[in-house]
Amino acid sequence: MDIINRGIAVVALFLSVSAFAAFEDDLPYLKSKWRSDVTDKSTGLGVEELKAKAEKIAAAGKGVKPWCLVKAEIFKMICEEMSVGFSPHDAFPAFSCWSKKNRVLTKLINERIVEVDSTYCPDAKVKSKEVKGSILRHDYDHAVPDWDRILKLGFPGIKAEIDASKATNDYSKAMRIVADAMLNNVKRLVKIAEDSKYANNPVIKAEIAALKNLAKAPPKTAYEVMLFQLLFFYYGEHLDHLQVRSLGNWDRLLKPYYEADIAAGRTTREEFKNFVKHFWWQWGSLDNWWGQPVYIGGTKADGTTEYNEVSRIVLEVVDEVHVPTPKLQMKIAPNTPDDILSKALDMARRHRSIVFCGEEPMAKAMAAMGFSAEEARTLDIWGCYEFQPRAAANTTLPCIINMPRIMVDLLENARTGDFKAETFEDFEKAFHRELERRLEISLDVVRAYEANMDEFIPALVHSLSIKSCVDEGRNAIGNGMKYNLSVILQAGSGTAVDALAAVKEIVYERKEMTLAELGQVMADDWKGHDELRLRMRASRRKWGNNEPLTNKLKRDLYRVFGAAVNGKANSRGGKFFASGHSIDFFYIM
């Protein structure tokens, strides 16, 4: 019976791709899909109604049940009661909880954070104010599922695995509720689609067939993989409130399914490409936080490239749809095929959104962090352009150090007579010491925040994708991974280096004024010193010009930064690491 059913699905899939309207005709619906509620209201509740019910569940469970179980019950309720929608212009379902700014759990989680902090670490927020101008935060919003594993399991396999787990703690009970809710939601989607006015449309028939298959087994076709990924992403990011910060090594993941579809005559290259366009536009419409990362390429164990025909189709789709998200990241190495690299460079020249990530420098950085060559070869690129061992690590970004603020404070203390430095070397050492002090405080605050992560953000959907979390009933963004990493970012290091070079020139080389006098100039915001301001602004002694002094100052600054952070223990059984990138953070002084 299963073989017969799957045969029907194959036929429906083949019909659907040829049954789509011209992509330009589908585009208006795709653009609006995740910008407004396009669901059928007869099928369930809208987001505001769901939020009201969630608050009642949270209130009933407060002080009675662990938060992870309360959160799981809310997840189950949403899966059972949210409205959904189907359209002949789209091969993927729509949901009423569509807005990144209006997720059902946002208010409850924020309230939970305040409650947890006041209970477990009441002094942490006060202490954080000592790190002037910097950002110390609860960063719980980065997850990279083990796509390789869950694509082999599918929703039934995910449920079967957690049901068979020997873990019996509350967290594992919550995961069982969520696994069951996801599978039942897929079955609910089938029922709603079959009852919809579009049920006889070839596109919806294919969608129904694919959903039926996903309710019984792992994905078997490329379309089913895309449908599974969208659903798992949606369950994790929009319902469980944890960003899915990568769709994985997409060309490598899709390659066997695409090739099997082609070999069986289920699709053609152009039909597959049309599906990818519809898949890509899910995130083009959704426009989720900082773009949806997905990466292609890499190197196989035998040294050959992972790039393949799916990679070429992805590049064509990114070029043609011309949307900034999904954010395409590419692993670049000496074995990257010339046609792939040439195509990507031409696209970048024409302002297509591509992130180029060198395999060799990433491997060098991974080795310095203590990871193996194999972990470096198979690493996941995620988020903006970060990287970590695949299916073995979680990463939080809980602190962004404000480096220019240290300069502001030192010069102010010089102005008031509370700080002196006879030589530039003394001044630079004082800058470094203050950076170390602020970093030490920051690590202590982060430890306090992250020690209680399970109390405010149990990552239930994500944890179901990680084998160790399923086996042991642990939180995938708490202490459930092999590597539980906390990364300290910085912002303004280039500006800090430029300022150090300016202090060296004005005070210690040209001796135009004392350190205290320069502090007064800063306090006066350059008033009466326009010539000096313009000269410093035009100086080529700035980091980024390959200028010897600023190169050395930046190198010395980062050595201090790294030594103060790298390898220090966090509170999740892992380590801290320093990172030189600042994402989109900047400071207005």
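Residues numbered from 1 in each chain as written. Predicted model: local features only at pLDDT ≥ 70, side-chain atom pairs only at ≥ 80, totals over all residues. Heavy atoms only, no water.

K.L.:
Just checking my understanding: could you explain the packing of helix α7 (residues 147–164) against helix α10 (residues 222–239) for this structure?
P.N.:
How two helices pack is summed up by the angle between their axes together with the distance between the axes. One can describe the packing of α7 onto α10 by two numbers: an axis separation of 11 Å at closest approach and a directional angle of 80 degrees. One way to sum up the angle between α7 and α10 is to call them roughly perpendicular. Contacts between α7 and α10 pair Trp147, Ile150, Leu151, Gly154, Phe155 and Ile158 from the former with Val225, Phe228, Gln229, Leu231, Phe232, Phe233 and Tyr235 from the latter. (Axes fitted to C-alpha atoms, helices over the stretch in contact; angles between N-to-C directions. Helix = DSSP H or I, 4+ residues; strand = E, 2+ residues; numbered from the N terminus. Parallel < 35°, antiparallel > 145°, perpendicular 65-115°, else oblique. Contact = heavy atoms within 4.5 Å.)

K.L.:
How should the layout of surface pockets be read in this particular structure?
P.N.:
The probe, sized like a water molecule, is rolled over the atoms to show the empty space still left. For the second largest pocket, the calculated volume is near 600 Å³. Looking at the second largest pocket, it is lined by 20 residues, and the ones nearest its centre are Ala365, Met369, Phe387, Ala578 and Ser579. Of all elements in the fold, only α15 (359–368), β8 (386–388), β9 (393–402), β10 (483–491) and β11 (575–578) reach the threshold of two or more residues within the lining of the second largest pocket. Considering every element that reaches the lining of the second largest pocket, the biggest residue donor is α15, with five residues. A class-by-class count of the residues in the lining of the second largest pocket yields 13 nonpolar, five polar and two charged. (1 Å grid on protein atoms, 1.4 Å probe; cavity = no way out; pocket = protein on both sides within 12 Å on 5 of 7 lines; lining within 4 Å. Points joined across faces, edges and corners; volume = space filled by probe spheres on them. Nonpolar A, V, L, I, M, F, W, Y, C, P; charged D, E, K, R; others polar.)

K.L.:
Looking at this model, I keep getting lost on the packing of helix α17 (residues 403–415) against helix α23 (residues 515–523). Mind explaining?
P.N.:
Closest axis-to-axis distance for the α17/α23 pair is 7 Å, and the angle between their directions is 115 degrees. The element α17 and its partner α23 pack so that their crossing is left-handed. In this structure, α17 contributes Leu411, Glu412, Ala414 and Arg415 to the contact, and α23 contributes Leu515, Ala516, Leu518, Gly519, Gln520, Met522 and Ala523. Tallied by class, the residues present in the contact of α17 with α23 amount to seven nonpolar, two polar and two charged. (Left-handed = near helix turned anticlockwise from the far one by under 90°.)

K.L.:
Explain the state of the cysteines here, please?
P.N.:
On inspection of all chains with the given rule, the structure shows zero disulfides. No disulfide involves cysteine 68; its sulfur sits 13 Å from the nearest other cysteine sulfur, which is in cysteine 469. Free cysteine cysteine 384: the closest other cysteine sulfur is in cysteine 357, separated by 11 Å. (Disulfide = S-S within 2.5 Å.)

K.L.:
Before we go on, may I ask you to explain helix α12 (residues 269–286) in this structure?
P.N.:
One turn of the α-helix equals 3.6 residues, which is why residues spaced by three or four share an orientation. The end-to-end C-alpha distance of α12 is 26 Å, a good match for the 26 Å that 18 residues give at a rise of 1.5 Å each. Judged by how many residues are buried, α12 sits mostly within the fold: 16 of 18 residues are covered. Note on α12: the residue one or two positions beyond its end, aspartate 287, has a positive phi of about 50 degrees. (Expected span 1.5 Å × (residues − 1). Buried < 20%, exposed > 50% of the residue type's maximum accessible area, 1.4 Å probe, protein only.)

K.L.:
Help me understand the packing of aromatic side chains in this model?
P.N.:
For any two aromatic rings, the description comes down to two numbers: the centre-to-centre distance and the angle of the planes. In the structure shown here, the tally under the stated rule is 21 aromatic pairs. A ring pair is formed by phenylalanine 155 and tyrosine 235, whose centres lie 5.8 Å apart and whose planes are at 70 degrees; its orientation type is edge-to-face. Highlighted residues: phenylalanine 155 in helix α7 and tyrosine 235 in helix α10, separated in sequence by 80 residues. In terms of burial, phenylalanine 155 and tyrosine 235 fall into one category: buried. Between phenylalanine 419 and phenylalanine 427 the ring centres are 6.0 Å apart and the planes differ by 55 degrees, which places this aromatic pair in the tilted class. Like phenylalanine 419, the residue phenylalanine 427 is buried in the burial classification. Site record: aromatic cluster; members linked through ring pairs are Phe92, Tyr223, Phe233, Trp250, Phe275, Phe279, Trp280 and Trp283. In this structure, lysine 277 is placed above the aromatic ring of phenylalanine 23, and the distance from its NZ or CZ to the ring centre is 5.2 Å. (Phe/Tyr/Trp six-rings, centres within 6.5 Å; stacked < 30°, edge-to-face > 60°. Lys NZ or Arg CZ within 6 Å of the ring centre and 35° of its normal.)

K.L.:
In this structure, what is going on with the pattern of salt bridges? I would like to understand it.
P.N.:
Pairing is possible between side chains of opposite charge, provided their charged atoms come close. What the rule picks out here adds up to 60 salt bridges. Between aspartate 148 and arginine 252 there is a salt bridge, with the nearest N and O atoms lying 2.8 Å from each other. One end of the pair, aspartate 148, is in helix α7; the other, arginine 252, is in helix α11 (residues 250–263), and 104 residues separate them in sequence. Using a relative accessible area of 18% as the deciding quantity, one classes arginine 252 as buried. Taking the shortest distance from any N to any O, the salt bridge between arginine 447 and aspartate 444 comes out at 2.9 Å. Placement of both arginine 447 and aspartate 444 in helix α18 (residues 424–450) is noted, with a separation of three residues, approximately one turn of the helix. Classification of aspartate 444 as partly exposed rests on a relative accessible area of 31%. Through salt bridges with shared partners, one network takes in Lys504, Glu505, Glu509, Arg510, Glu512, Glu531, Arg535, Arg541 and Glu547. (Salt bridge = Lys/Arg side-chain N within 4 Å of Asp/Glu carboxyl O.)

K.L.:
Honestly, the sheet that holds strand β3 (residues 135–136) in this entry has me stumped. Any pointers?
P.N.:
For sheets, the rule is that strands pair by backbone hydrogen bonds, running either parallel or antiparallel. Here we have four strands laid out as an open sheet, ordered β3-β9-β10-β11, and mixed in their pairing. Each edge of the sheet is formed by a strand with only one pairing partner; in this case those strands are β3 and β11. The pairing of β3 with β9 spans two bridges and is antiparallel. Bridging across to β9, isoleucine 135 finds its partner in isoleucine 400. Along the sheet, α17 makes contact with β9 and β10, crossing β9 at roughly 25 degrees. (Pairing = 2+ DSSP bridges.)

K.L.:
Teacher, can you tell me more about the pairing of β10 here?
P.N.:
When a strand is regular, its side chains alternate between the sheet's two faces. In terms of burial, β10 is a largely internal element, nine of the nine residues being buried. For β9 and β10, the ladder comprises eight bridges, and the chain directions are parallel. Residue pairing for β10: asparagine 402 is matched across the bridge by alanine 491.

K.L.:
What is the right way to look at unusual backbone geometry in this model?
P.N.:
A negative phi holds for most residues other than glycine; trans holds for most peptide bonds. Residue threonine 325 is joined to proline 326 through a cis peptide bond whose omega torsion reads 5 degrees. By the secondary structure assignment, proline 326 is in the loop between α13 (309–321) and β5 (327–332). In this structure, aspartate 287 is a non-glycine residue whose phi angle is positive, near 50 degrees. Here aspartate 287 is to be found in the loop between α12 and β4 (293–296).

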